[in-house]
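# Descriptive structure summary
Next come the chains, spelled out residue by residue.
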There are 2 protein chains.
Amino acid sequence: MDRIPILRMDDVLLVTIQVDMHDRLAMSLQDDLTAAIQRTSAKGVVIDISALDVVDSFIGRMIANISRMSRILDAHTVVVGMQPAVAITLVELGLSLAGVDTALDVGRGMRLLRSRMAASSLAPQIDTDDDEN
Amino acid sequence: MDRIPILRMDDVLLVTIQVDMHDRLAMSLQDDLTAAIQRTSAKGVVIDISALDVVDSFIGRMIANISRMSRILDAHTVVVGMQPAVAITLVELGLSLAGVDTALDVGRGMRLLRSRMAASSLAPQIDTDDDEN
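Quick summary incoming for the structure in this document. Because the structure is predicted, anything quoted here is derived from the model rather than measured. (Residues numbered from 1 in each chain as written. Chains lettered and ligands numbered in written order. Predicted model: local features only at pLDDT ≥ 70, side-chain atom pairs only at ≥ 80, totals over all residues. Heavy atoms only, no water.)

## Some thoughts on the overall build of chain A
Which entries qualify depends on this criterion: By definition, any uninterrupted DSSP run of H or I lasting at least four residues is a helix, any uninterrupted run of E lasting at least two residues is a strand, and each is numbered from the N terminus. Here the term buried applies to any residue with accessible area under 20% of the maximum for its type, exposed to any over 50%, and partly exposed to those in between, with areas from a 1.4 Å probe on protein chains only. Note on areas: these come from Shrake-Rupley sampling with a 1.4 Å probe, and a residue is covered only by the protein chains present in the view.
Scanning chain A for helices and strands turns up four helices and five strands. In chain A, the succession of α and β elements from N to C terminus is β-β-α-β-α-β-α-β-α. Seen through its C-alpha atoms, chain A measures out along the principal axes to roughly 40 × 30 × 25 Å. Burial status across chain A gives 47% buried among its 133 residues. When the accessible area of chain A is evaluated, it comes to approximately 6700 Å², of which 53% is carbon and sulfur surface.

## Concerning the environment of A103 of chain B
Among the structural elements, A103 of chain B can be located in strand β5 (residues 101-103). Once the C-alpha coordinates of A103 of chain B and G81 of chain B are considered, the two residues, 22 residues apart in sequence, prove to be 6.9 Å apart.

## A look at helix α1 (residues 23-40) of chain A
All names here are of chain A. In plain terms, the rule: One fewer than the residue count of a helix, multiplied by 1.5 Å, yields its expected span. Any two residues whose heavy atoms approach within 4.5 Å are treated as being in contact.
In a regular helix each residue adds 1.5 Å, so 18 residues correspond to 26 Å; α1 covers 26 Å between its end C-alpha atoms and thus fits that length. By the burial criterion, the buried members of α1 are L25, A26, S28, L29, Q30, D32, L33, A36, I37 and T40. The inward-facing, buried residues of α1 contact β1 (6-9), β2 (12-16), β3 (44-48) and α2 (57-72). Phi turns positive, to about 55°, at S41, one or two residues after α1.

## What to know about the packing of α1 of chain A against α2 of chain A
Residue and element names in this part refer to chain A. Put simply, the rule reads: Helix axes are fitted to C-alpha atoms over the stretch in contact, other axes to C-alpha atoms as well, and angles between N-to-C directions run from 0 to 180 degrees. When describing relative orientation, an angle under 35 degrees is termed roughly parallel and one over 145 degrees roughly antiparallel, while 65 to 115 degrees is termed roughly perpendicular and anything else oblique. Whether a crossing is left-handed or right-handed is set by the direction in which the near helix is turned from the far one by less than a right angle, anticlockwise for left-handed and clockwise for right-handed. In this classification, Asp, Glu, Lys and Arg are treated as charged, Ala, Val, Leu, Ile, Met, Phe, Trp, Tyr, Cys and Pro as nonpolar, and every other residue, Gly included, as polar.
At their nearest, the axes of α1 and α2 sit 11 Å apart, and the two run at 15° to each other. The angle between α1 and α2 places the two elements in the roughly parallel class. Considering how the two elements wind past one another, α1 and α2 form a crossing that is right-handed. Facing α1, whose interface residues are D23, A26, L29, Q30, L33, T34 and I37, α2 presents F58, M62, N65, I66, M69 and S70. In terms of residue class, the contact of α1 with α2 is built from eight nonpolar, four polar and one charged.

## Focus: the interface of chain B and chain A
This is how it is decided: A simple way to read buried area is as the amount of 1.4 Å-probe accessible surface that goes missing from two parts once joined, with both sides added. When a carboxyl oxygen of Asp or Glu lies within 4 Å of a side-chain nitrogen of Lys or Arg, that pair is called a salt bridge. Think of a polar contact as two N or O atoms within 3.5 Å of one another; within protein, one of them needs to be a possible hydrogen donor and the other a possible acceptor, and neighboring residues in sequence only count if both atoms come from side chains.
Chain B puts 19 residues into the contact, and the matching count from chain A is 19 residues. Of the roughly 1600 Å² buried where chain B meets chain A, counting both sides, 62% is carbon and sulfur surface. Sorting the residues of chain B by area buried against chain A places L7, M9 and Q18 of chain B first, and these three jointly supply 35% of that buried surface. Put simply, chain B and chain A have two salt bridges between them. Linking chain B to chain A there are six residue pairs in polar contact (both at pLDDT 80 or more). For the side of chain B that touches chain A, the secondary structure elements donating two or more residues are β1 (6-9), β2 (12-16) and α4 (106-122) of chain B. Looking at the side of chain B that touches chain A element by element, the count peaks at four residues for α4 of chain B. Residues of the side of chain B that touches chain A, tallied by class, amount to ten nonpolar, four polar and five charged.

## Re the relation of the copies chain B and chain A
Rule in force here: The copies are overlaid by a least-squares fit using only the C-alpha atoms of residues whose pLDDT is at least 70 in both copies.
Note on the identical chains: chain B maps onto chain A by a rotation of 180° and an axial translation of 0.0 Å, with an RMSD of 0.0 Å. Interpreted geometrically, this transformation is the action of a two-fold axis. Looking at chain B, 100% of its interface residues are interface residues in chain A too, so the copies touch through the same face.

## A look at the side chain of S70 of chain A
Following the sequence through the fold, S70 of chain A ends up in helix α2. In this structure the side chain of S70 of chain A is engaged in a polar contact, spanning 2.7 Å, whose partner is the backbone oxygen of I66 of chain A.

## Some remarks on the pairing of strand β4 (residues 76-80) of chain A
Residues and elements named next belong to chain A. Rule in force here: We treat two strands as partners when DSSP finds at least two bridges between them.
By the criterion of burial, β4 is predominantly enclosed, with five of the five residues buried. Burial of the side chains of β4 extends over both faces: H76, V78 and V80 are buried on one face and T77 and V79 on the other. Pairing geometry for β3 and β4, over five bridges, is parallel. Along β4, the bridge assignment pairs D48 with V80. Sheet topology note: the β4/strand β5 (residues 101-103) ladder contains three bridges and is parallel. Bridging across to β5, V80 finds its partner in A103.

Here's what the structure looks like:
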């Protein structure tokens, strides 16, 4: 297993990170995901990290990067399933994932994505934060 | 990583198998999944095996078992993302996954599940096969 599978759910791509990320795996995920967004015209990306007990600054940066890359390709990113201990670690590391949307589980993440996508299609500059937590 | 994460999308649970399954992991997946169905009252289970290049008779049986267990707990199971080579291997092994619904990707699997769930809620004994491929 040297690639993380990217699942397609209509116009949303779902990535479940289950293994420890090393540099090469993170790079191939960035490549695969941006290629998949382009190929499928996906409008949203959900990244599930519920299997991760530990998130270090490397993974934190990778998530932030993926979110930015997706945004340039006109797709919104939501990170879901973060364990409480991971949130604590991220803040202690000084990584507050600014600009990255989060949700408790995939279902909520999908709803948040839908609202973002709807807001984008109406007026690209409007940012609604009411669904965020 | 000694557990496969189970993602919740409202009333559907999503399992992405990314690692080689050994006996203990398969047993814990069965336990975790049945417990999750009961805890969340899920009506459907999507098992993604797109990351698997090889499926042996052990995994084939495990998938069939999970599907039967879920059915007893009133949840439908759809296996998605099977690679062509895996389908060939399964048939050659004599495992045709009878009674297990399959779909090409998660999006189609979700639609198949919705139609199964709708059919079940109308009349539990009616079986519609029109969405299957």
